[in-house]
Amino acid sequence: MHRDKTAQPDAKASTKPCAATDNKRGAATGTNTASAQTAVLRRRLLAQGQVQGVGFRPFIFRLAKDLALTGSVGNTSEGVCIEIQGPEDKLDAFPELLRKTLPPLARLTGLTQADMTPLADETEFTIVMSQGHQGHNVLISPDVGICADCEADMNDPANRRYNYAFTNCTNCGPRYTITRSIPYDREVTSMACFPMCPDCRKEYTNPLDRRFHAQPVACPACGPRLWFLTQEDVLADKTLPDKSSMKAAVERAADAIIKGKILALRGLGGFQLVCDARNASVVQLLRQRKKRPHKAFALMCSSLETIASLCRLSENEAGLLASPMRPAVVLNMLPHVLPEELAPDLATLAFMLPTTPLHIVLLKELAKKCRSLGLEEPVLVMTSGNMSGNPICLGNREAIQRLKDVADCFLLHDRDILCRVDDSVVACNEEDSAKPAAFFLRRARGYVPAAIPLEAVVPKNWSENVFAAGSDLKAACCFTRGHDAFVGQHTGDLEQAGTAEFYEEVVAHLHALLEVQPALVICDAHPDFYSSATAARLAQEWDVPLMTLQHHAAHAASVLAEHGITAPSLVLVLDGFGFGLDGTAWGGELIRMDLGMARWSRAGHFVPFAMPGGDAATRSPWRLALSLAGMIQDKELAAALKARWEAEKGKEAGFVSTMLQRHINSPLTSSCGRLFDAVAAQLGLCDSITYEGQAAIRLETLATSCTSKSLPDAADVVLHQEDTLLFDGCALFEHVCRLQQEGADPALAAFDFHAQLARNLARLVLKAHKKDDSRYVGLAGGVINNALLRHMLVQELSERGVTPLIPCQVPAGDGGISLGQAAFALASLRTKKQN
């Protein structure tokens, strides 16, 4: 191994490479740190896991110094290689202390040891130069929110990083978004083009400094720059940085926000659109320009105290907000404190704390200006820098071109982003365990590319890897390496050309970082998905087999795999759409999954109903209500419902009725999501939608507002048909219609629909349960994002003696599909090997 002479100028070079091991216990006398009479031994350790870019080498350096050991530590493609030499008792103590005192961002997945021959003349412990080659076992760290120490540096006027928008150390800052390859060293990051000044170089080469080998380390003298542009600058093609200070750029950005302007800010994983969340007019203007009329915006505040003044904030939710991942956390808003334009369909808002030093600097400047003007503490809209449906903008030129009709001004910087990553959105899941966890609505920044262990599916020494393409909605791909799965960031819906390109970028970036060669490719069974076509192309390029897995079977495998359940188990998959094996649209499924043997079956499903116009019915939920009205047993009630829609929709309702009667372009669906849409339309909440899930979201919001919640139990709607159980969703729809006819409060009808649905789904599970099934029941699919239904299902199932499993490492919706595909593919490879 070559020694990095900048790591420790005074150190003597080791005469033996770290990769060499002779597997012999040798002894020698030395005068280094032990007495001349003490036997000196030498050992080599290989640490694997998330051990690069997290301050692991300086941690090892300090630990060795504390124990008075000599030796070396260095990054390799296999992990971090450590050689230690000294008395046997101290060598024995070293691994235990290592495990107990890991740096905050490190994650150890393996630590192997081997004896070596001691070096007679070694007197120092050194940090050596990285070694790399094709293929590695290193876990890449996600991007990390700013740590308290760096924030303190930024708040200290005497510190040279005072208010510097790119402050970081080994405990925080960008990782995944700036890294091209492993080993994680500066020359393979987007910081390679920023030569360090002497002061930064001194920190970078000092093993006792927390910025030792912090690859993004920089300061105002040598690091990335900020600059501000107006629309006039853009029109005049004056888009390069000028001589004005970064302080002036932040001041101008803050002034623009206070004046009601929309700012495009280049963040960590791409651009964000920013405006004053307290200003209803500018929020509505942002909706118009972004073409996002109703979907909620995420918000950012400078402190937990400010968030607590706007929302109900539990201790667990505060912990998620302040975690190193810094996700946006969905919280119950307090009434009448912020404009309803922020989330017109919801009683919740997604808040986050500052995720980068740039956000801290901007919010600090805004707070100062607000105080001087007698204004309230700033609250910012912080939404993706894109037009609705497209990926977030990555580069400065791209953003100026694509956002020129949305943003009034731009806050730019010159540190390249190598992979676009949006903000993660989570809720606090306190249903599944004693330790509350994040319930993912969108998994991206802060969590990707963290490994998800699949040790229950394949053994630790597993060598065959797979690529899973995921789905076309809320797409996220997955690679496996050994027994670990690496699910890529939320990409979006692949109908848009730009999003499809983004998906290809993520696949290529993860493939390059992980340096794996898949032995199998797996994709959704839908023949027309873009992700499936990509999978077929890659399987051909890599010359490996292509496997398909039905959409809801993949959902089922996903939740079982992350919980390590491989025994036959039932999974309720409540979803919007998935291509069924019979050619119809599935979405309300009870799956029996035997993940250990890579096999599954359909144990039950919702009674199918027609979708007049196909996808048009999804966009116009009243069509679904009219379809279900025609299936109601009470013909008088059915006629009244049909008359309502004919009165409201006129000729269009007549056309839809004709389509249903003649079975013209009216595909069947067993979707639970479409049942929610129909009920929402029936209760007058949503005739047409502007984003996926809008009708169901409005129904949940109305149900959550219900104050009177006592109604008699509805009839059992679980039916038997040969070997399959049927769930009669139409009967629940009819129940809601009767409540409506009787003049019930719509909120009560919405709540009761949720309650009856949960109760009958629990009945479905119990009736399907066989003696060989495990006591666990998985909950999966996009409908599980409904917090009210999720809570009710957990309660109903638990009361019946089964243990519900909720996804907590990937989304319950289509963003978690690829994990299930990958786990099923690995199980298939393993069973074939065993046979």
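Above: the structure in question.
Residues numbered from 1 in each chain as written. Predicted model: local features only at pLDDT ≥ 70, side-chain atom pairs only at ≥ 80, totals over all residues. Heavy atoms only, no water.

**Student:** How should the overall build of the protein chain be read in this particular structure?
**Tutor:** In terms of regular secondary structure, the protein chain is built from 24 helices and 31 strands. In summary, the protein chain has a C-alpha radius of gyration of 29 Å against a globular reference of 28 Å for 835 residues, a match within 12%. Seen through its principal axes, the protein chain has C-alpha atoms that stretch 100 × 70 × 50 Å. Taking the contacts inside the protein chain whose residues are at least 6 apart along the sequence as the reference set, 73% of them involve residues at least 24 apart. Carbon and sulfur atoms make up 51% of the accessible area of the protein chain, which totals about 31,900 Å². Charge centroids of the protein chain, computed over 85 positive and 93 negative side chains, lie 4 Å from each other. (Helix = DSSP H or I, 4+ residues; strand = E, 2+ residues; numbered from the N terminus. Rg over C-alpha atoms; globule rule 2.2 N^0.38 Å. Contact = heavy atoms within 4.5 Å. Areas by Shrake-Rupley, 256 points an atom, 1.4 Å probe, with all protein chains shown as cover. Lys, Arg positive; Asp, Glu negative; His and termini not counted. Charge placed at Lys NZ, Arg CZ, Asp CG, Glu CD.)

**Student:** Looking at this structure, how should I read the nonpolar core?
**Tutor:** For soluble globular proteins, nonpolar side chains are generally found buried alongside one another. Ranked by internal contacts, the top residues of the largest apolar core, which has 100 residues, are Phe-56, Ile-82, Phe-94, Leu-263, Leu-362 and Phe-467. Here the element with the most residues in this core is helix α12 (residues 497–514); it accounts for 7 residues. Judged by nonpolar contacts, the second largest core, of 78 residues, contains Ala-427, Leu-725, Leu-732 and Ala-762. (Core = buried A, V, L, I, M, F, W, Y, C linked by side-chain atoms within 4.5 Å. Buried < 20%, exposed > 50% of the residue type's maximum accessible area, 1.4 Å probe, protein only.)

**Student:** Please explain the packing of helix α19 (residues 672–682) against helix α22 (residues 746–768) as it appears in this structure.
**Tutor:** In helix packing, the relevant descriptors are the interaxial angle and the interaxial distance, both defined with respect to the helix axes. Put simply, α19 and α22 touch, their axes get as near as 11 Å, and they point 155° apart. The angle between α19 and α22 falls in the class roughly antiparallel. When the axes of α19 and α22 are compared, the crossing they make is right-handed. Contacts between α19 and α22 involve Cys-672, Leu-675, Phe-676 and Val-679 from the first element and Phe-753, His-754 and Leu-757 from the second. Of the residues assigned to the contact of α19 with α22, the class counts are 6 nonpolar, 1 polar and no charged. (Axes fitted to C-alpha atoms, helices over the stretch in contact; angles between N-to-C directions. Parallel < 35°, antiparallel > 145°, perpendicular 65-115°, else oblique. Left-handed = near helix turned anticlockwise from the far one by under 90°. Nonpolar A, V, L, I, M, F, W, Y, C, P; charged D, E, K, R; others polar.)

**Student:** It is not clear to me how the sheet that holds strand β22 (residues 546–549) should be interpreted in this structure. Could you clarify?
**Tutor:** Spatially, 6 strands are ordered β17-β20-β19-β18-β21-β22 in an open sheet, and the strand pairing comes out mixed. In the strand order of this sheet, the two ends are held by β17 (452–453) and β22, each with one partner. The pairing of strand β18 (residues 465–468) with strand β19 (residues 478–481) spans 2 bridges and is classified as antiparallel. Paired with Ala-468 across the strands is Cys-478, a residue of β19. (Pairing = 2+ DSSP bridges.)

**Student:** Would you mind showing me how to read the environment of Arg-326 here?
**Tutor:** As for its placement among the helices and strands, Arg-326 is situated in the loop between α9 (315–322) and β11 (328–333). By relative accessible area, Arg-326 is classed as buried at 11%. Considered as a pair, Arg-326 and Met-547 are 221 residues apart in the sequence and their alpha carbons are 36 Å apart. The contacts of Arg-326, once residues within four sequence positions are left out, are Gly-145, Ile-146, Leu-321, Leu-353, Pro-354, Thr-355 and Arg-445. In terms of polar contacts, Arg-326 uses its side chain to reach the backbone carbonyl oxygen of Pro-354, at 2.6 Å. (Polar contact = N/O pair within 3.5 Å; in protein donor to acceptor, adjacent residues only side chain to side chain.)

**Student:** Explain the pairing of strand β12 (residues 348–352) here, please?
**Tutor:** Note on strand geometry: in a regular strand, side chains alternate between the two faces of the sheet. Of all 5 residues in β12, 5 are buried, a share of seventy percent or more. The side-chain alternation of β12 yields two buried faces, one formed by Thr-348, Ala-350 and Met-352 and the other by Leu-349 and Phe-351. Bridging between strand β9 (residues 298–300) and β12 involves 3 bridges; their strand directions are parallel. Residue pairing for β12: Ala-298 is matched across the bridge by Ala-350. By the bridge criterion, 4 bridges tie β11 to β12 in an arrangement that is antiparallel. In the sheet register, Val-330 faces β12, and the bridge partner there is Ala-350.

**Student:** Sorry, what's going on with empty space enclosed by the protein here?
**Tutor:** Any empty space left between the atoms is revealed when a probe the size of a water molecule rolls over them. According to the stated counting rule, one finds 8 cavities of 30 Å³ or more in the structure shown. In this structure, the largest cavity spans a volume of roughly 140 Å³. Within the lining of the largest cavity, the residues separate by chemical class into 9 nonpolar, 8 polar and 2 charged. Of the volumes computed, that of the second largest cavity is approximately 100 Å³. Lining the second largest cavity are 14 residues, with Leu-441, Arg-442, His-490, Pro-811 and Gly-815 sitting closest to its centre. (1 Å grid on protein atoms, 1.4 Å probe; cavity = no way out; pocket = protein on both sides within 12 Å on 5 of 7 lines; lining within 4 Å. Points joined across faces, edges and corners; volume = space filled by probe spheres on them.)

**Student:** Please clarify how α22 should be interpreted in this entry.
**Tutor:** In a regular helix each residue adds 1.5 Å, so 23 residues correspond to 33 Å; α22 covers 33 Å between its end C-alpha atoms and thus fits that length. By the criterion of burial, α22 is predominantly enclosed, with 19 of the 23 residues buried. (Expected span 1.5 Å × (residues − 1).)

**Student:** So what exactly am I meant to see when it comes to the packing of aromatic side chains here?
**Tutor:** Each aromatic ring pair is summarised here by two numbers: the centre-to-centre distance and the angle between the ring planes. On inspection of all chains with the given rule, the structure shows 11 aromatic pairs. Between Phe-440 and Tyr-447 the ring centres are 4.7 Å apart and the planes differ by 90°, which places this aromatic pair in the edge-to-face class. In this structure Phe-440 comes out as buried when scored by relative accessible area, which is 3%. The class for Tyr-447 is buried, based on a relative accessible area of 11%. Geometry around Trp-462 places Lys-833 over its ring, the cationic atom sitting 4.9 Å from the centre. (Phe/Tyr/Trp six-rings, centres within 6.5 Å; stacked < 30°, edge-to-face > 60°. Lys NZ or Arg CZ within 6 Å of the ring centre and 35° of its normal.)

**Student:** Would you mind showing me how to read the sheet that holds strand β4 (residues 107–116) here?
**Tutor:** The strand order β4-β1-β3-β2-β5 describes an open sheet built from 5 strands, whose pairing is mixed. Edge positions in the sheet fall to β4 and β5 (125–127), since each has one partner strand and no second. Neighbouring strand axes in the sheet, compared pairwise and without regard to direction, differ in orientation by 15° on average. Bridge analysis of strand β2 (residues 70–76) against β5 gives 3 bridges, and the strand direction is parallel.

**Student:** Hey, could you run me through unusual backbone geometry in this one?
**Tutor:** Note: most peptide bonds trans; most residues except glycine with negative phi. Val-448 connects to Pro-449 through a cis peptide bond whose omega is 10°. Within the secondary structure, Pro-449 sits in the loop between β16 (437–442) and β17. With a phi angle near 60°, Ala-68 is a residue other than glycine that sits in the positive phi range. Relative to the assigned elements, Ala-68 resides in the loop between α1 (56–66) and β2. One non-glycine residue, Arg-326, lies in the positive phi region at around 50°.

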